[in-house]
Amino acid sequence: MSSVPSTYETTTLRDGTVSLGVHAVPENTLGDDTVVIKPHYIGICRADIKEIVGSRDVMGDRGPLFGHELVGTVAFSGAGTGIQEGDVVTLNPNITPTRTTGFAEYIFVHGTKEQLEQAVVRVPEPEIHNDVWMPEPFACIVHAVKKLLELTNAHSLEGKKVGIIGAGCAGLMFAMYARHLGASISVFNRGEMRRAFAREQRILTEGEIYPLGDTKNHPDNFDLVIVAPTVASAEILEIAADMAADEAVVLVYGGTRNGDRFPLGQTDVDSIRRNERIESVEYRGKRLSISGAYGCFKEDYEEGYRLHAQHPHEFPLERLASRQISLDEFPDLVMGMAAGTEDHPGKVLIEVGDRR
Ligand SMILES: NC(=O)c1ccc[n+]([C@@H]2O[C@H](COP(=O)([O-])OP(=O)(O)OC[C@H]3O[C@@H](n4cnc5c(N)ncnc54)[C@H](OP(=O)(O)O)[C@@H]3O)[C@@H](O)[C@H]2O)c1
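All values derive from a computational prediction rather than experimental measurement.

The rules behind each value
Residues numbered from 1 in each chain as written. Predicted model: local features only at pLDDT ≥ 70, side-chain atom pairs only at ≥ 80, totals over all residues. Heavy atoms only, no water. Helix = DSSP H or I, 4+ residues; strand = E, 2+ residues; numbered from the N terminus. Rg over C-alpha atoms; globule rule 2.2 N^0.38 Å. Buried < 20%, exposed > 50% of the residue type's maximum accessible area, 1.4 Å probe, protein only. Near = heavy atom within 4 Å. Polar contact = N/O pair within 3.5 Å; in protein donor to acceptor, adjacent residues only side chain to side chain. Areas by Shrake-Rupley, 256 points an atom, 1.4 Å probe, with all protein chains shown as cover. Nonpolar A, V, L, I, M, F, W, Y, C, P; charged D, E, K, R; others polar. Core = buried A, V, L, I, M, F, W, Y, C linked by side-chain atoms within 4.5 Å. Domains from an automatic or database assignment. Contact = heavy atoms within 4.5 Å. Expected span 1.5 Å × (residues − 1). Lys, Arg positive; Asp, Glu negative; His and termini not counted. Salt bridge = Lys/Arg side-chain N within 4 Å of Asp/Glu carboxyl O. Buried area = accessible area lost by both parts, 1.4 Å probe. Pairing = 2+ DSSP bridges. Right-handed = clockwise from strand over helix to strand, strands pointing away. Axes fitted to C-alpha atoms, helices over the stretch in contact; angles between N-to-C directions.

Summing up its helical and strand segments, the protein chain has 9 helices and 18 strands in all. A compact globule built from 356 residues would reach a C-alpha radius of gyration of about 21 Å, and the protein chain, at 20 Å, matches this within 12%. Each principal axis of the C-alpha distribution contributes one length, and for the protein chain these read about 65 × 40 × 40 Å. Taken over 356 residues, the protein chain has a buried fraction of 56%.

Looking now at the site of the ligand. As a matter of local geometry, the ligand sits amid 24 residues, with R46, K50, A170, N189 and G191 nearest to it. G168 places a polar main-chain atom, nitrogen or oxygen, 3.2 Å from an oxygen atom of the ligand. At a separation of 2.8 Å, a nitrogen atom of the ligand approaches a polar backbone atom of Y253. Relative to its free-state accessible area of 930 Å², the ligand is covered by the protein chains to the extent of 86%. Counting only elements with at least two residues in the shell around the ligand, the list comes to α1 (46-53) and α4 (169-180). Along the lines of polarity and charge, the residues of the shell around the ligand split into 11 nonpolar, 8 polar and 5 charged.

Right, let's talk about the nonpolar core for a bit. One recurring pattern in soluble globular proteins is that nonpolar side chains are buried together. Judged by nonpolar contacts, the single largest core of 54 residues is most densely connected at F138, L157, V162, F174 and L204. Contributions of two or more residues to this core are made by α3 (135-151), β8 (161-165), α4, β9 (184-189), α5 (192-200), β11 (222-227), β12 (244-252) and α8 (298-310). Both domains that furnish three or more residues to this core are identified here as domain 1 (7-123 + 320-351) and domain 2 (136-292). Contacts of L157, omitting those with residues within four sequence positions, involve L148, L149, V162, A178, L181, G182, A183 and L224.

So, on to α3. Counted at 1.5 Å a residue, the expected span for α3 with its 17 residues is 24 Å, and the 24 Å between its end C-alpha atoms agrees. With 14 of its 17 residues buried, α3 lies for the most part within the structure. Two residues or fewer after α3 comes N153, characterised by a positive phi angle close to 55°.

This brings us to the side chain of R273. Here R273 shows up in helix α7 (residues 269-274). Although buried, R273 forms no salt bridge, and the nearest oppositely charged side chain, D270, lies 4.3 Å from it. There is a polar contact of 2.7 Å between the side chain of R273 and the side chain of T256.

Let us now look at the pattern of salt bridges. One pass over the full model with this rule turns up 19 salt bridges. D343 is paired through a salt bridge with R194; the nearest N and O atoms lie 2.8 Å apart. Of this pair, D343 sits in the loop between α9 (330-339) and β18 (347-351) while R194 sits in helix α5; the two residues are 149 residues apart in sequence, bridging distant segments of the chain. With a relative accessible area of 38%, D343 lands in the partly exposed category. According to the relative accessible area criterion, R194 is buried, its value standing at 16%. The shortest N-O distance in the salt bridge between D270 and R274 comes to 3.3 Å. Of this pair, D270 and R274 both sit in helix α7, 4 residues apart, which is roughly one turn of the helix. The structure contains a network of salt bridges with shared partners spanning E192, R195, R199 and E206.

One frequent convention defines the size of an interface as the accessible area lost when the parts assemble. Here the protein chain is described as being made up of domain 1 (7-123 + 320-351) and domain 2 (136-292). Computed from C-alpha atoms alone, the centre-to-centre distance between domain 1 and domain 2 is 28 Å. Listed per partner, the contact involves 19 residues of domain 1 and 16 residues of domain 2. Between domain 1 and domain 2, a total of about 1,500 Å² is buried, with carbon and sulfur atoms accounting for 56% of that surface. Counting the surface domain 1 buries against domain 2, the share from its top three residues, D57, L320 and P345, is 40%. Linking domain 1 with domain 2 are 5 residue pairs in polar contact (both at pLDDT 80 or more).

A few words now on the side chain of K347. As for its placement among the helices and strands, K347 is situated in strand β18. In this structure K347 comes out as buried when scored by relative accessible area, which is 8%.

Now for the pairing of strand β17 (residues 321-326). A regular strand carries its side chains on alternate faces of the sheet. Summarising the sheet, β17 and β18 pair through 5 bridges and their orientation is parallel. Considered in β18, the bridge of A321 is made with K347. With α9 bridging β17 and the parallel β18, this β-α-β connection has right-handed handedness.

Another point: the sheet that holds β9. Each strand in a sheet pairs with another by means of backbone hydrogen bonds, the pair being arranged parallel or else antiparallel. Read across the open sheet, the 7 strands follow the order β10-β9-β8-β11-β12-β16-β15; overall the sheet is mixed. On the outer flanks of this sheet lie β10 (209-211) and β15 (278-283), each paired with one strand and no other. Adjacent strand axes in the sheet meet at a mean angle of 25° when their direction is disregarded. Bridge count for β12 against strand β16 (residues 286-292) is 4 bridges, and the pairing is parallel. Its bridge partner being in β16, L251 is matched across the sheet by S291.

Listed below in structure tokens is the structure:
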């Protein structure tokens, strides 16, 4: 029997404004092809902010991302879905565009049995509600590293010098994973707030985190440079290429837009990122490989759970949570983030309680 009520609280993103209200559950929505998830925790992602301000190219095959990082319980599963009601699950937003926002009391996901098996991923950690971490975006990092190793015919990063631009959530998780795979890491971040957060949360040591300007002291130095800030402007990509040693790889993970090219018209970095390719370029007398990664699959979530369970000290993902708010507080806070008047390091989590 479905535990979905006839009305529910949900957010709406319209013309750059986020609002919260009570809406009727659309009639006939609880069909055979539907899974309804009741989120307990939802993470705010940089992609959500980009969609508010309109600076993100939305991919038609997966739809808008607004409200996609979550951990919740299956409240309803249609007869044709193969998903178990009551299971603790997370969402892979890269599979079907036919879904509602996760910034809500309930999220409605529609698809074929095969799509839903990929999109609604069971969480094997029962204690995740006590010590919350977000399986996605970690699955994207797991996927990106796996793709990088595949594209470069490598098995590990043992002994490699890895430079990471950006100490946001993505940069910090790349740092954890590269260190786990045997690399020495140096993370460069523009502002002090995220550098302090990384140190205070004991995610990075003093010798692993630097101001972005310090990249000048490390020219031609890194075997791998990971570009993980909000924007991968030509200036940031140049910094990455300057840091890279001859024959190094530059992994572009975040922040490209349709048509972006680097270096100076040579490669379509946005297409490299979204199509997960690798291309060789000449840059100031060096030969570099530019590679990219985008999205993730169910097996990346499963590998993420394995890494977290087997190596909790190397993957302290719960320490990324910097703040917890209610759904009522969400519209004001996220509009502040979009306006640039509010900024929080790590991950802001929304705890979705039951409506009074
Ligand atoms: N490829 C994929 O599959 C995938 C998946 C998920 C996310 N992403 C992308 O990854 C990127 C990072 O996400 P996140 O969750 O780590 O974001 P986040 O936690 O909000 O961190 C944003 C980072 O970008 C830096 N930054 C912003 N503007 C900058 C600028 N103009 N110059 C230099 N640094 C700047 C910030 O530095 P300050 O501290 O100085 O502000 C911070 O380090 C986003 O673009 C997101 O869309 C990609």
